[in-house]
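The lines below spell out each chain.
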Amino acid sequence: MDLAPLTQIVRGKFPDSIVEEQSTALVIKKEFLLKIAEFLKGEELLFENMHCISGVDRKDKIEVVYHLYSFKNRFMLTLKVFLPRENPEVETLTKFWRSADWLEREVFDLFGVKFLNHPDPRRILNPDEWTYYPLRKDFTHPEFFPKAETQGLKG
Amino acid sequence: MAINDKAAALSGEKFMEKFPGGEVIMTKTEDLFKWARGSSIWPLTFGLSCCAIEMMATGASRFDIDRLGSGVFRASPRQCDVMIVAGTICVKMGDCMKKLYAQMPEPKYVIAMGNCAVGGGIFYHDTYSVVQGTERLGIPVDVHVIGCPPRPENLLNSILLLKQKIESPEGYKHPPLNPANPNIGGGLLNKENPSDKKEEKAS
């Protein structure tokens with residue numbers, strides 16, 4: 001199944017909600033995230049499974065990537081939200097998919113994305129006392145030794 | 001086997017003087033204690049990652065750590081002599097390790113097993129959550145065992161090296177104690193822990 005028909009459905013239901021249509025992913029405005037999530041979970045499309053949530057630091061922005069799976073349609077959808085690098089905030093999807101709970105905590109732990117209305121907004125793996133987010137591109141620490149070859153690597 | 005030959009060379013006979021025909025042996029108490037300590041180095045049941053699998057293999061019948069008297073893995077730090085740091089030390093685990101080391105009774109020894117415990121190993125570069133070696137935590141290390149992971153023979157050899165060190169004629173010398181690195185884990189490892197203070201008072 002191609003992404004295009006699904007994009008059409010979403011566009012028909014929520015005009016102006018799509019920022020960008022990538023070859024394998026759908027980028028939406030973060031204000032529409034809750035509505036679109038509810039629609040995707042609903043009777044029509046049945047995306048019952050929140051597969052994975054990841055963060056990407058693009059230096060000018062932070063992306064949050066949601067992977068959703070529909071067992072009935074056998075289709076995996078990649079949904080993206082772009083957030084500003086300073087103070088990234090997005091609504092939590094915990095009320096639709098319980099599995100989003102820990103996945104969002106992980107993204108918060110590593111990228112510092114704040115998930116609003118999250119039931120348990122703590123770090124998941126790193127020590128609670130840390131004030132920095134280690135997977136951000138500008139992360140530095142006296143005990144962090146970057147490898148020479150990877151310094152020139154572009155994100 | 002080479003390990004057996006080496007172990008035989010380190011047997012307690014050198015501490016004893018046998019009277020011909022008699023049933024009496026003579027030795028110094030100091031030597032007796034050395035012999036006893038060196039022949040029953042009990043490790044702590046403590047593994048951090050994949051090196052622990054190799055440590056378990058060492059404990060099993062094929063390699064048989066028991067013939068060196070070290071097969072008694074104790075589940076409490078109060079009852080053991082050596083901490084085999086088997087694996088990658090994460091920042092969060094470093095805190096636990098310091099606590100376990102503090103709870104072990106003297107005399108206590110440490111074997112750093114594998115490249116990660118020696119100096120970070122493959123996690124030296126580009127890692128935010130790994131402590132680069134046991135000594136950065138302020139824990140003195142007696143024997144470093146390299147390998148990724150080391151062969152069980154190598155670990156057995158390290159126990160014999162430790163035995164050699166304990167039984168040396170000059171007497172056992174504690175390795176130099178480096179102060180813990182204050183930068184590890186954003187100063188997390190060196191923050192004042194109320195439970196640590198209690199221990200100091202008790203001892």
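One can find the structure itself at the top, above this paragraph.
First, a word on scope: everything that follows refers to the structure included in this document.

1. So, the overall build of chain A
Working step 1: Along its length, chain A carries four helices and seven strands.
Working step 2: Along chain A, helices (α) and strands (β) appear in the sequence α-β-β-α-β-β-β-β-α-β-α when read from the amino end.
Working step 3: Taken over the C-alpha trace, chain A has a radius of gyration of 17 Å; the compact-globule value for 155 residues is 15 Å, and the two agree within 12%.
Working step 4: When the backbone C-alpha atoms are referred to their principal axes, chain A occupies close to 50 × 35 × 25 Å.
Working step 5: Here chain A holds 155 residues, and 24% of them are scored as buried.
Working step 6: Sequence separation of at least 24 residues holds for 46% of the intrachain contacts in chain A that already meet a minimum separation of 6.

2. Regarding the sheet that holds strand 4 (residues 109–113) of chain B
Sheet strands pair by backbone hydrogen bonding; their relative direction is either parallel or antiparallel.
Residues and elements named next belong to chain B.
Working step 1: Spatial ordering of the open sheet is given by 3-4-5, a layout of three strands whose pairing is parallel. Either end of the sheet is taken by a strand with one partner, and the two such strands are strand 3 (82–86) and strand 5 (143–145). For this sheet, the mean angle separating the axes of adjacent strands, direction not counted, is 15°.
Working step 2: When strand 3 meets strand 4, the two strands line up parallel, connected through five bridges. Of the residues in strand 4, the one forming a bridge with valine 85 is alanine 112.
Working step 3: The sheet contacts of helix 6 (residues 152–166) involve strand 3, strand 4 and strand 5, and relative to strand 5 the element is tilted by about 170°.

3. Details of the packing of helix 1 (residues 2–9) of chain B against helix 6 of chain B
Residue and element names in this part refer to chain B.
Working step 1: Two elements in contact, helix 1 and helix 6, have axes whose closest approach is 11 Å; the angle formed by their N-to-C orientations is 5°. Classified by the interaxial angle, the pair formed by helix 1 and helix 6 is roughly parallel. Every residue of helix 6 that contacts helix 1 at Ile3, Lys6 and Ala7 is listed here: Glu153, Leu156, Asn157 and Leu160.
Working step 2: Looking at the contact of helix 1 with helix 6 residue by residue, the classes come out as four nonpolar, one polar and two charged.

4. Looking at the interface of chain A and chain B
By convention, interface size is frequently given as the accessible area that disappears when the constituent parts associate.
Working step 1: The partner chain B presents twelve residues to the 14 residues of chain A that form the contact.
Working step 2: Its residues placed into classes, the side of chain A that touches chain B shows eight nonpolar, three polar and three charged.

Reading guide: rules and limits
Residues numbered from 1 in each chain as written. Chains lettered and ligands numbered in written order. Predicted model: local features only at pLDDT ≥ 70, side-chain atom pairs only at ≥ 80, totals over all residues. Helix = DSSP H or I, 4+ residues; strand = E, 2+ residues; numbered from the N terminus. Rg over C-alpha atoms; globule rule 2.2 N^0.38 Å. Buried ≥ 20, exposed ≤ 12 C-beta atoms within 10 Å, placed from the backbone. Contact = placed C-beta atoms within 7 Å. Pairing = 2+ DSSP bridges. Axes fitted to C-alpha atoms, helices over the stretch in contact; angles between N-to-C directions. Parallel < 35°, antiparallel > 145°, perpendicular 65-115°, else oblique. Nonpolar A, V, L, I, M, F, W, Y, C, P; charged D, E, K, R; others polar.

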